[in-house]
Amino acid sequence: MISNRVTLLGHKDHGKSTLIGSMLIVTKSVSSERLEKAKSISSKLGKIFEPGFIIDSFEEEHEGGLTIDTSRASLVFNGNFIEFIDVPGHEELIGNMITGASYGDTALIIISALRNEGITEQTKRHVLIAKMLDIKNLIVAVNKMDLISYDEKTFNKIKNEFKTYLDRIGWTWCTFVPISAYKMENLISRSGKIPWYEGECLITTILNAPKSKVSQSKKLSIILQGNLDNNTILGKILSGSIHINDKLLILPYMKNCKIENIFVKNKSSKIARKGINVAIRVNPPIGVTRGNVASTKNSNLHTVKAFDSLVFPIRNQRGDISININGTISKSLIAPKALIDKYGGLKDSKVLKSLSVSFATVRVQDVVVIERSIPELSRFTMYDSKGFLGIGVIK
Amino acid sequence: MIKQNLSLLEERSIFLLREAVSRFDNVAALWSMGKDSTAMLAVARKAFVSKIPFPVIHIDNGIDFPETYEFRDLLTKKWKLDLIVAESKIKKELSGFSCCGSNKTEALKKIMKEQGFNALIVSIRRDEHGIRSKERYVSKRNKDFKWDYKNQKAELWDDYSSKIEEGEHARIHPLLDWNEIDVWNYTQAEKIPVNPLYFSRNGFRYRSLGCTHCTSMIKSNAKNIPQIMAELKVSTTEERQGRDQDKEKDYVMSKLRALGYM
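Residues numbered from 1 in each chain as written. Chains lettered and ligands numbered in written order. Predicted model: local features only at pLDDT ≥ 70, side-chain atom pairs only at ≥ 80, totals over all residues. Heavy atoms only, no water.

Asks: Please give an account of the overall build of chain A that cites residues and values.
Replies: Of the regular secondary structure elements, chain A holds seven helices and 22 strands. By the burial criterion, 57% of the 395 residues in chain A qualify as buried. For chain A, the proportion of contacts with a sequence separation of at least 24, taken over those separated by at least 6, is 68%. Roughly 16900 Å² of accessible area belongs to chain A as shown, and the carbon and sulfur atoms make up 49% of that amount. (Helix = DSSP H or I, 4+ residues; strand = E, 2+ residues; numbered from the N terminus. Buried < 20%, exposed > 50% of the residue type's maximum accessible area, 1.4 Å probe, protein only. Contact = heavy atoms within 4.5 Å. Areas by Shrake-Rupley, 256 points an atom, 1.4 Å probe, with all protein chains shown as cover.)

The following block contains the structure:
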């Protein structure tokens, strides 16, 4: 079965939870029990039933009407598996939004067609983050079309305005779909309410989105998690493959060893490839810690103390910053050079600005292993005295 | 119900189990002898080349099914498990909330304190209950076992680093991404022993297992795993329908979890 992961982005109240709820209902992917429960909860709260209640199952969410955290919902449509990841639309929960967005192959951004809602700064920020997270496909659902009498002009106005912004920040694949999540129009079949629209319904658009290609770096990299015993190290192969008798180089210490045996699951194996969690018996014995990387001499992974990157802090910095690159945590100094402004252009800036994407030089106290061709070794999370501060991508 | 790719689920769970052992110095796992925590132990055997490096805790209120105790002893021997039985005393009247929920939590608190565990592997799944869809792979609990779900760490890019203060612990959820049907699919593929209570006798079986007092059977003729999976494919009801505590009140589960329940 082909799997499609779709992250829903967009301003709060533009209809993300409603859309997922409606999709579950129209594809018959929700149990009758759960649907009834959602209906009874909404009537207890004295509200008209709202499809978003199906997934927003926390007490507080029902009362506040907002998604607190990332939640997921899956459905099957004509033999295709689609997983929706709903992320919160509040500004203060953008950390959760980033987590949710990092799971998806395709981003679906919802923009309300209502005149007083439309494209907001938050809408723009969300697509900018999706771009930074390297999500390739973008679908823009223009929602609440029922409330504007399915008006073609309004749809085109939003489309043209948003397209200009997307072009500036460099999205190469994006498509616009008019929908009504609440009235379930144009979700799994073409709606008769919008004869002027020539494209596909939402689910077909999702299924037709190009499949993201996973990077195929030939360089060997194994992220290490520790020792099973003195001779055996545990790790996950991020790229490349290993064979018995291969020589390994353990970074950042630059220690050499030879592979004597490979265990895949609990069986001995002559070879192991990308994506597999392995146990490797090595000679001489070697002690490793979380964040060390096993590679080969000619793979030339970089061990560095400074690099250029794009950074996105979710709030103002408090105290010293540490970054975590694939398990190595290191104190850092981050020196911004420029930021991306609200029109998608570049503006000089020497300070780390909250909720903006900046170009910056990062200096770390301890040596870290990076490799631009391997996603896991080219991105990091930032922390300060208050906790999670934001994300960075090495450029 | 949707079947997922078992090999991908298994790899992810292995990574998480190794992450738990690597990040925390005193790890234990909860084992109820149900299908989920047993499948988790099967994955752990693969993660650590057949030898599970952490103890497994059975919180025993003395009123589990005889089949459950038998199954426990059989597998403990077969897989050479380091089993800890934590006795849970039943204090209040036998409603769902008091036989399993808060009493079991008390027993767990006691054993965690005695043994100084700072990480606990729990085999919950995201599809089990609405509130569990909000869980993280590594989720912090404070001294009182409370879960601050509004203030959770962003867990992106396999960053599970988490500062645990004295008295706090981390819950590790290696099966979070699995669905009910995936667990059965895996159990079948890996020939994992199954608690016989899951199979139909006289037209009834257990779909979800608690203790003798708070679990009831569902109507079913499924006598083996393929039949259970066929049943799940067309099922429109919830897995935990036979559990009292979910039915008592809409928000009971939410409260139980905030109190530290599994």
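Asks: Break down the pattern of salt bridges for me, citing the residues and quoting the values.
Replies: Evaluated as defined, the whole model comprises 25 salt bridges over all chains. The closest approach of N and O atoms between Arg205 of chain B and Glu231 of chain B, which form a salt bridge, is 3.0 Å. You can see Arg205 of chain B sitting in strand β7 (residues 204–205) and its partner Glu231 of chain B sitting in helix α6 (residues 225–234), a full 26 residues away along the chain. On the accessibility criterion, Arg205 of chain B (0% relative accessible area) is buried. Glu231 of chain B gets classed as partly exposed once you look at its relative accessible area, which sits at 23%. Here the salt bridges share partners, and the residues they tie into one network are Lys265 of chain A together with Glu10, Glu11, Lys46 and Glu190 of chain B. (Salt bridge = Lys/Arg side-chain N within 4 Å of Asp/Glu carboxyl O.)

Asks: Can you break down the packing of aromatic side chains residue by residue, with the values?
Replies: Counting across every chain of the model gives ten aromatic pairs over all chains. Each ring, one from Phe48 of chain B and one from Phe54 of chain B, has its centre 6.3 Å from the other, and the planes form 90°; the classification is edge-to-face. As far as the burial class goes, Phe48 of chain B and Phe54 of chain B line up, both buried. Residue placement shows Lys124 of chain A over the ring face of Tyr165 of chain A; its charged tip is 5.3 Å from the ring centre. Between Lys255 of chain A and the ring centre of Tyr253 of chain A, over which it is positioned, the NZ or CZ distance is 4.9 Å. (Phe/Tyr/Trp six-rings, centres within 6.5 Å; stacked < 30°, edge-to-face > 60°. Lys NZ or Arg CZ within 6 Å of the ring centre and 35° of its normal.)

Asks: Lay out the pairing of strand β21 (residues 379–384) of chain A with the relevant residues and their values.
Replies: All names here are of chain A. Within β21, five of the six residues are buried, leaving the element largely enclosed by the surrounding structure. Pairing of strand β17 (residues 321–325) with β21, which is carried by three bridges, proceeds in the antiparallel orientation. The residue bridging Ser322 from the neighbouring strand is Tyr383, located in β21. Bridge count between β21 and strand β22 (residues 387–394): six bridges; the pairing is antiparallel. When the bridges of β22 are listed, Thr381 appears paired with Ile391. (Pairing = 2+ DSSP bridges.)

Asks: If you had to explain the nonpolar core to someone new, which residues and values would you point to?
Replies: One finds Leu19, Phe84, Phe162 and Leu202 of chain A to be the most contacted residues of the largest nonpolar core, which totals 72 residues. At six residues, the largest contribution of residues to this core is made by helix α6 (residues 152–169) of chain A. Apart from the residues lying within four places of it in its own chain, the contact partners of Leu19 of chain A are Leu8, Leu108, Ile110, Ile179, Ala181, Leu187 and Leu202 of chain A. In this structure, Trp31, Met40, Tyr160 and Leu176 of chain B belong to the second largest nonpolar core, which totals 58 residues. (Core = buried A, V, L, I, M, F, W, Y, C linked by side-chain atoms within 4.5 Å.)

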